[in-house]
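# Descriptive analysis of the structure
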Amino acid sequence: MFKRFFILLGIPVLVGLSLAGLEPLMAQNDEAIKAAQEERKQRFKASGASMKALYREHLPAEDYQAIKAEATVLVKWAKDMPEAFPFGSDSDNDEAKPEIWTDFEGFKSAAKAYETASLDLQKAAEQNDISLVKTAIGSVGASCKACHKKYRKK
Ligand code: HEC
């Protein structure tokens, strides 16, 4: 009778203890995930601003120097992007779709397509060729949209 009572009592205590032991680890992981979400949102916002500046300012001004500078930042972000999506970093208040992690290869190739388009833009700017630049900006924009369609919540 008593023995049974202690066994029953013991289970929640043991569960409680092991959860308490895990807590710091989970909290740390939560922090890392939050930081990754914040960072990627910030860098996406910046790339949105880059696209706006390219279309509204640098393209009409044929400012190849500025175009190349923007493209360089986009290339860097494209390379870093997969790392900005650590496993499990989706949440209700975030726009990353779970498909990113069930199809991480597909997500990486979408990032690669964006990298290639941004590199083409960089090269077009180096050649001081406005029609190449225009086409390349269009391809960059298309690569943003293609990824959003598959991997970003609306
Ligand atoms: C390989 C996939 C991919 C590519 C390429 C991509 N995006 Fe995104 N983008 C996402 C995902 C996923 C989110 C949602 C991120 C989140 O909420 O954590 C997002 C979010 C955003 C946001 C919202 C950020 C915020 O304030 O929360 C903007 C703006 C954005 N992207 C702009 C762009 C632009 C501009 C480009 C191209 C120059 C681009 N993205 C290319 C996947 C991509």
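Structural notes, computed from the coordinates. This structure is a prediction, so every number in the text was calculated from the model and none was measured.

Here we come to the environment of Ile67. Residue position: Ile67 is located in helix 2 (residues 64–80). Looking at Ile67, the number of C-beta atoms within 10 Å reads 26, which means it is buried. For the pair Ile67 and Ala124, spaced 57 residues apart in sequence, the C-alpha to C-alpha distance is 9.2 Å.

Look at helix 4 (residues 104–126) against helix 5 (residues 130–151): their axes get within 8 Å of each other, and the N-to-C directions meet at 165 degrees. As summarised for this structure, helix 4 and helix 5 are arranged roughly antiparallel, according to the angle between their axes. Handedness of the helix 4/helix 5 crossing: left-handed. Of the residues in helix 5, those in contact with Phe107, Ala110, Ala113, Tyr114, Ala117, Ser118, Asp120, Leu121, Ala124 and Ala125 of helix 4 are Leu132, Val133, Ala136, Ile137, Ser139, Val140, Ser143, Cys144, Ala146, Cys147, Lys150 and Tyr151.

Before going further, it helps to spend a moment on helix 2. Along its 17 residues, helix 2 runs 24 Å from first to last C-alpha, staying within 8% of the 24 Å computed at 1.5 Å per residue. What helix 2 keeps buried is the set Ile67, Glu70, Ala71, Leu74, Trp77 and Ala78. One side of helix 2 carries all its buried residues, which in axial view fall inside an arc of 120 degrees.

If you check the shell around the ligand, you find 24 residues, and the closest are Phe44, Glu95, Tyr114, Cys144 and Cys147. Breaking the shell around the ligand down by element, the ones donating at least two residues are helix 1 (2–61), helix 4 and helix 5. Among the elements that line the shell around the ligand, the one with the most residues is helix 1, at 8 residues. When grouped by side-chain class, the residues that make up the shell around the ligand number 13 nonpolar, 5 polar and 6 charged.

Calculation criteria
Residues numbered from 1 in each chain as written. Predicted model: local features only at pLDDT ≥ 70, side-chain atom pairs only at ≥ 80, totals over all residues. Helix = DSSP H or I, 4+ residues; strand = E, 2+ residues; numbered from the N terminus. Buried ≥ 20, exposed ≤ 12 C-beta atoms within 10 Å, placed from the backbone. Axes fitted to C-alpha atoms, helices over the stretch in contact; angles between N-to-C directions. Parallel < 35°, antiparallel > 145°, perpendicular 65-115°, else oblique. Left-handed = near helix turned anticlockwise from the far one by under 90°. Contact = placed C-beta atoms within 7 Å. Expected span 1.5 Å × (residues − 1). Arc of directions from axis to C-beta. Near = placed C-beta within 6 Å. Nonpolar A, V, L, I, M, F, W, Y, C, P; charged D, E, K, R; others polar.

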